[in-house]
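Residue-level listing of the chains:
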Amino acid sequence: MKRILGILMINIFIVMVGVGLITPILPELIIEFGASGQAIGLLVAAYGITQFLLSPLTGQLSDRYGRKVFIVVGVIVFAVAKFIFAVGDELWMLYTSRLLEGVAAALIVPPMMAYVADITTTEERAKGNSLLAATMSFGFVIGPGLGGLLAGYGTRVPLYAATGAAIAAVIFSVFCLPESLSKEQMKAARARIIQKESIYKQYARSLKSKYTMLFVLVLVMTFGLANFESVLGLYVTNRFQFSPQNIAVILTAGAVIGVGMQALVVAKIINKFGEKRVIKGSLLFTSVAYILFLFAKDFWSIFLVTSLIFFATAMLRPALNTQLSKMAGNEQGYVAGMNNAYMSVGNILGPTLAGFLFDTNLFAPFIAGCCILLIIFLLTLKLNK
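Note that this is a predicted model, so its numbers are computed, not measured.

(A) Summary view of the nonpolar core. Membership of the largest hydrophobic core comes to 56 residues, with the highest contact counts inside it found for Val236 and Phe293. Where this core is concerned, the elements lending two or more residues are α10 (212-240), α11 (244-264), α12 (266-273), α13 (275-295), α14 (299-328), α15 (332-360) and α16 (364-380). When sequence neighbours within four positions are dropped, the list of residues in contact with Val236 reads Gln241, Phe242, Ile247, Phe293 and Ile302. Counting 35 residues, the second-largest nonpolar core is a separate cluster that includes Val103, Leu132, Ala166 and Ala336.

This is the structure:
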């Protein structure tokens, strides 16, 4: 199990690093193409749109046809996307690349989450989910720094490096990653699903299922973190005149703390207190931290509160994933797909609403985030203890 989990972690790490490393080179590329700042926003959103549309489908299909094929094809699509971005000399090529990255994420993440459920016992599942979440977070944190470092050798060098790493991951996975489902399990899954559903019907069904509350929690969690991260830099710059270096230290160190917690202690906390208590506690803790953030007035107090928010989120994500996988039974792929889809919705809506609220009032995004998290916390009190 450890060897297989290690292969999954290598794959998702390469993908998340590749997603994050374009951050420091985007402004230069946009200037090169003579595009507006709005183009950056559209490029970022493109990734989430295709991920949102395809995640429910790929998760369900992986129940029927296996996890490995989707993971391998997803990394291939990711390599193609990065290569297109690297050689792109027209803006439409960059958009195509980002859309393909979203396709790759939809192909990789839901089957990978379902794979973890396939190979772990109920007792091991929290640890497996925590390690996978930590790897995803760590890759996304490392990405911008590595991208900035490699960009010193040329703006497109990070993209070629990501392409090469993805190709290596494909070769490694083809030969070393086994299929987690038996032929009998896949045949049974194909037999269970007779009628094909449109994407809209799948989302409608998800909101009437036993997973509804947890899917809403996934969306709210992702929305809250994306809402916070997207305006943090603007807030501390406008209110306290923080430098880009200050902001980078706060975000990176906070994220690293979250990753460390996911890897080292979150599984133990979940196993001790149970998923539902951790979910409730993390929501309440985060909503209070949002308000505390508004009273922080210097670098270290902002650093501390931000780190606490990342820590709470680091507990919440694996707890939600573990609770969903325990409830899923033989629907691991479907549930993992919808999980990923609701995360993509949060990643799209969070920055959009945060930007609108920030233009209205400096404190509005954080107050709104606190209220939404607090309301959801109150709703979770209906969950069984």
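Additional details are given in the paragraphs that follow.
(B) Expanded view of the packing of helix α4 (residues 68-87) against helix α7 (residues 157-176). In the contact formed by α4 and α7, the axes pass within 8 Å of each other and the chain directions differ by 160°. The angle between α4 and α7 places the two elements in the roughly antiparallel class. Handedness of the crossing formed by α4 with α7: left-handed. Contacts between α4 and α7 involve Lys68, Val72, Val75, Ile76, Phe78, Ala79, Lys82, Phe83, Phe85, Ala86 and Val87 from the former and Leu159, Tyr160, Ala162, Thr163, Ala166, Ile167, Ala169, Val170, Ser173 and Val174 from the latter.

(C) Structural detail: unusual backbone geometry. One non-glycine residue, Gln241, lies in the positive phi region at around 55°. Examined against the element boundaries, Gln241 turns out to sit in the loop between α10 and α11.

(D) Spotlight on the packing of α13 against α14. At a closest axis distance of 8 Å, the pairing of α13 and α14 adopts a crossing angle of 155°. On the basis of the axis angle, α13 is roughly antiparallel to α14. Taken as a pair, α13 and α14 cross one another with a handedness that is left-handed. Looking at the contact of α13 with α14 residue by residue, the classes come out as 17 nonpolar, five polar and three charged.

(E) Representation of the packing of aromatic side chains. Considering all chains together, one arrives at twelve aromatic pairs under this definition. Look at Phe240 and Phe242: their rings are 5.8 Å apart centre to centre, the planes differ by 40°, and that puts the pair in the tilted class. Take Phe240 and Phe242: they sit in the same class, and that class is buried. Among the aromatic residues, those joined into a ring-pair cluster are Tyr235, Phe240, Phe242, Phe293, Phe299, Trp300, Phe303, Phe363 and Phe366. It is Lys82 that lies over the ring of Phe85; its NZ or CZ is 5.9 Å from the centre.

Quick notes on the rules
- Residues numbered from 1 in each chain as written.
- Predicted model: local features only at pLDDT ≥ 70, side-chain atom pairs only at ≥ 80, totals over all residues.
- Heavy atoms only, no water.
- Core = buried A, V, L, I, M, F, W, Y, C linked by side-chain atoms within 4.5 Å.
- Buried < 20%, exposed > 50% of the residue type's maximum accessible area, 1.4 Å probe, protein only.
- Helix = DSSP H or I, 4+ residues; strand = E, 2+ residues; numbered from the N terminus.
- Contact = heavy atoms within 4.5 Å.
- Axes fitted to C-alpha atoms, helices over the stretch in contact; angles between N-to-C directions.
- Parallel < 35°, antiparallel > 145°, perpendicular 65-115°, else oblique.
- Left-handed = near helix turned anticlockwise from the far one by under 90°.
- Nonpolar A, V, L, I, M, F, W, Y, C, P; charged D, E, K, R; others polar.
- Phe/Tyr/Trp six-rings, centres within 6.5 Å; stacked < 30°, edge-to-face > 60°.
- Lys NZ or Arg CZ within 6 Å of the ring centre and 35° of its normal.

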